[in-house]
Amino acid sequence: MRRVMVLHGPNLNLLGTREESVYGTTTLDTIDASLSKLSDDLGVELDIRQSNLEGELVTWIQEARSGYHGIIINPAAYTHTSVAIRDALAAVDLPTIEVHLSNIYRREEFRRQSYVSGVALAQISGFGPTGYLLALRGLCEHLSSKGSKPAPRTGPARRAQTPKR
Ligand code: CA2
């Protein structure tokens, strides 16, 4: 069975309890429950974690190297600051979907920069909690299409063609 690691960054444990005008009233537990329900329908196993610590997120990303097929991550404020999280994602080289509840391009200027987007397969920003479900659907479709592709050629390399003059 496919396994996906879902990572929630700092302060997302407060969802639904503060700043409802920006992040809505849905709690993180509710988001996780709807993700788990969808994962059952899609036949994928989820490992969902939240941390307020950059180093812990880096360690978990490294852990995903063995036994996981992809990562869904909302790095929260670390999106805009963390070279360490970007480097970890680049190192594990798993298809990664970056999720943001809010549209980070409609807010303060500093939120427009994401250190993660350059190493992510896709970014979903502004759909609220639905963004996580879209991310899981998109990641599963990506993994299925990748799985159905023919294996890479193993025969001798093709000779380079001499350019015509
Ligand atoms: O829109 C998103 O999902 C963000 O990743 C959320 C981060 C923010 O720093 C990013 O720019 C965009 C903030 C998460 C903090 O969530 C809270 C929830 C309730 C109360 C306070 C913070």
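The structure we're discussing is the one just above.
Residues numbered from 1 in each chain as written. Predicted model: local features only at pLDDT ≥ 70, side-chain atom pairs only at ≥ 80, totals over all residues. Heavy atoms only, no water.

Student: Quick question: what am I supposed to make of the layout of surface pockets here?
Tutor: It is the rolling of a water-molecule-sized probe over the atoms that shows where space remains empty. Taken as a whole, the largest pocket encloses approximately 410 Å³ of empty space. What lines the largest pocket is a set of 18 residues, among which Pro-10, Asn-11, Leu-12, Tyr-23 and Ala-76 lie closest to the centre. Here the lining of the largest pocket is composed, by residue class, of nine nonpolar, five polar and four charged. (1 Å grid on protein atoms, 1.4 Å probe; cavity = no way out; pocket = protein on both sides within 12 Å on 5 of 7 lines; lining within 4 Å. Points joined across faces, edges and corners; volume = space filled by probe spheres on them. Nonpolar A, V, L, I, M, F, W, Y, C, P; charged D, E, K, R; others polar.)

Student: Please clarify how the pattern of salt bridges should be interpreted in this entry.
Tutor: One pass over the full model with this rule turns up five salt bridges. One salt bridge connects Glu-45 with Arg-3, and the closest N-O pair in it is separated by 3.4 Å. On the criterion of sequence distance, the pair formed by Glu-45 in strand S2 (residues 44-50) and Arg-3 in strand S1 (residues 2-8) is long-range, its members being 42 residues apart. The class of Glu-45 is partly exposed, set by a relative accessible area of 38%. A salt bridge links Glu-108 to Arg-111; the nearest nitrogen and oxygen atoms lie 2.7 Å apart. Among the residues examined, Arg-111 registers a relative accessible area of 15% and is labelled buried. Here the salt bridges do not stand alone but share partners, grouping Asp-47, Arg-49 and Glu-63 into one network. (Salt bridge = Lys/Arg side-chain N within 4 Å of Asp/Glu carboxyl O. Helix = DSSP H or I, 4+ residues; strand = E, 2+ residues; numbered from the N terminus. Buried < 20%, exposed > 50% of the residue type's maximum accessible area, 1.4 Å probe, protein only.)

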